[in-house]
Amino acid sequence: MKDLFKRLGKDFELRIGSVFLLITSVIVITNVFTRYFLHFTYSWAEEIAVGSFVWIIFLGFANAFKTKSIIGVEILVKLLPEKGKAIVELCTSLILALLSSVMFYFSYLYVSGSTKITAALEISYRYIYVSMVIAFGLITIYSIVFFFQNVKKILSKKDEK
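In this text the structure is predicted, and so the values were computed from the model without any measurement.

Enquirer: Explanation requested: a nonpolar patch on the surface in the structure shown.
Expert: Residues Val-28, Val-32, Phe-33, Tyr-36, Phe-37, Leu-38, Phe-40, Tyr-42, Trp-44, Leu-121, Ile-123 and Tyr-127 make up a contiguous nonpolar surface patch of roughly 1200 Å² in combined accessible area. Among the elements that make up the nonpolar patch, the one with the highest residue count is helix H2 (residues 12–38) (six residues). As for its position among the elements, Phe-33 is in helix H2.

Enquirer: How do you make sense of the nonpolar core when you look at a structure like this?
Expert: Taken as a class, soluble globular proteins show a tendency for nonpolar side chains to be buried jointly. Among the nonpolar cores identified, the biggest contains 14 residues, and Phe-58, Ala-62, Phe-65, Val-111, Tyr-129, Met-132 and Tyr-142 are the most heavily contacted of them. Ranked by the residues each element gives to this core, the list is headed by helix H6 (residues 126–160), at ten residues. When neighbours within four sequence positions are excluded, Tyr-129 is seen to be in contact with Tyr-110, Val-111, Ser-114 and Lys-116.

Enquirer: Would you take a moment to explain the packing of H2 against helix H3 (residues 45–66) for this structure?
Expert: When two helices pack together, you describe them by how their axes are tilted relative to each other and by the distance separating the axes. As a packed pair, H2 and H3 sit with axes 8 Å apart at the nearest point and diverge in direction by 155°. Taken as axis vectors, H2 and H3 run roughly antiparallel relative to one another. Of the two elements, H2 crosses H3, and the hand of that crossing is left-handed. From H2, Glu-13, Leu-14, Ile-16, Gly-17, Phe-20, Leu-21, Ile-23, Thr-24, Ile-27, Val-28 and Asn-31 reach across to H3, where they touch Ala-45, Ile-48, Ala-49, Ser-52, Phe-53, Trp-55, Ile-56, Leu-59, Ala-62, Asn-63 and Lys-66. Of the residues in the contact of H2 with H3, the class split is 15 nonpolar, five polar and two charged.

Enquirer: What exactly am I supposed to notice about the side chain of Ser-131 here?
Expert: Here Ser-131 is to be found in helix H6. Among residues more than four places away in sequence, those in contact with Ser-131 are Val-54, Trp-55 and Phe-58.

Enquirer: Quick question: what am I supposed to make of the environment of Leu-59 here?
Expert: Examined against the element boundaries, Leu-59 turns out to sit in helix H3. Note: C-alpha distance between Leu-59 and Ile-16 (43 residues apart in sequence) is 7.8 Å. Among all residues touching Leu-59, those that are not within four sequence positions of it are Glu-13, Ile-16, Gly-17, Phe-20 and Ile-134.

Enquirer: Just checking my understanding: could you explain helix H5 (residues 82–112) for this structure?
Expert: Each α-helix winds once per 3.6 residues, and so residues spaced three or four apart point in a common direction. Here H5 spans 44 Å end to end across 31 residues, near enough to the 45 Å set by a 1.5 Å rise per residue. Taken as a whole, H5 has its buried residues at Gly-84, Ala-86, Leu-90, Ser-93, Ala-97, Ser-100, Ser-107 and Val-111.

Enquirer: How should I be thinking about unusual backbone geometry in this particular structure?
Expert: As a rule of thumb, non-glycine residues mostly have phi less than zero, and peptide bonds are mostly trans rather than cis. Non-glycine residue His-39 carries a positive phi angle of around 60°. In this structure, His-39 sits in the loop between H2 and H3.

The rules behind the values
- Residues numbered from 1 in each chain as written.
- Predicted model: local features only at pLDDT ≥ 70, side-chain atom pairs only at ≥ 80, totals over all residues.
- Heavy atoms only, no water.
- Patch = residues over 30% accessible without salt bridge, like charges linked within 9 Å, V, L, I, M, F, W, Y side chains within 5 Å.
- Areas by Shrake-Rupley, 256 points an atom, 1.4 Å probe, with all protein chains shown as cover.
- Salt bridge = Lys/Arg side-chain N within 4 Å of Asp/Glu carboxyl O.
- Helix = DSSP H or I, 4+ residues; strand = E, 2+ residues; numbered from the N terminus.
- Core = buried A, V, L, I, M, F, W, Y, C linked by side-chain atoms within 4.5 Å.
- Buried < 20%, exposed > 50% of the residue type's maximum accessible area, 1.4 Å probe, protein only.
- Contact = heavy atoms within 4.5 Å.
- Axes fitted to C-alpha atoms, helices over the stretch in contact; angles between N-to-C directions.
- Parallel < 35°, antiparallel > 145°, perpendicular 65-115°, else oblique.
- Left-handed = near helix turned anticlockwise from the far one by under 90°.
- Nonpolar A, V, L, I, M, F, W, Y, C, P; charged D, E, K, R; others polar.
- Expected span 1.5 Å × (residues − 1).

Without other data, these values stay purely geometric and don't point to any function.
Here's what the structure looks like:
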C-alpha cells in the first residue's frame with residue numbers, strides 16, 4: 001500500500017494534468033465533430049476546454065520547477081568554482097522561495113476575491129483560478145526543499161575538507 005501511495009504521489013501534478021489534458025482533448029474533438037458534421041456546438045465546451053488548459057499550464061509549471069526542467073541561463077554559474085555554484089544555488093532557492101510565496105499569497109487573495117462566473121455554465125472562475133494557488137504553493141514547497149538540499153550540500157562539502 002505504501003508503494004502505491006509513493007507511486008501515485010510521484011509526479012502527481014503530471015497525473016492530474018493528464019486528466020485535464022484528456023478532458024480538453026475529448027471536448028475539443030467532440031465539439032469539432034459536432035460543428036462540422038452535425039452542425040451544432042456545445043455552448044459550454046470552450047469554457048471547459050479553456051479551464052482545463054489553465055490547469056494543465058499551472059500544474060505543468062509546478063512539475064517543471066520540481067524536476068528542474070525550466071530553462072535557465074547558467075553560463076555565469078558554470079564559470080564559478082564548486083563553492084560558488086553551491087552558494088548561487090542556495091541564494092537562488094531562497095529568492096525563489098520568497099517570490100513564489102509572495103505569488104502564492106497574491107494568487108490566494110485574487111482567487112478568494114473573485115466573483116466572476118463563466119457565461120455558459122455559470123460556475124465560479126475560482127475553480128479555474130485555484131490552479132494558480134496550488135501551483136505557487138507547490139513551487140514554494142519545492143523551493144524550500146531545494147534550499148535545504150543546497151544547505152546540506154554546502155555543509156557536506158565543508159565536512160569533507
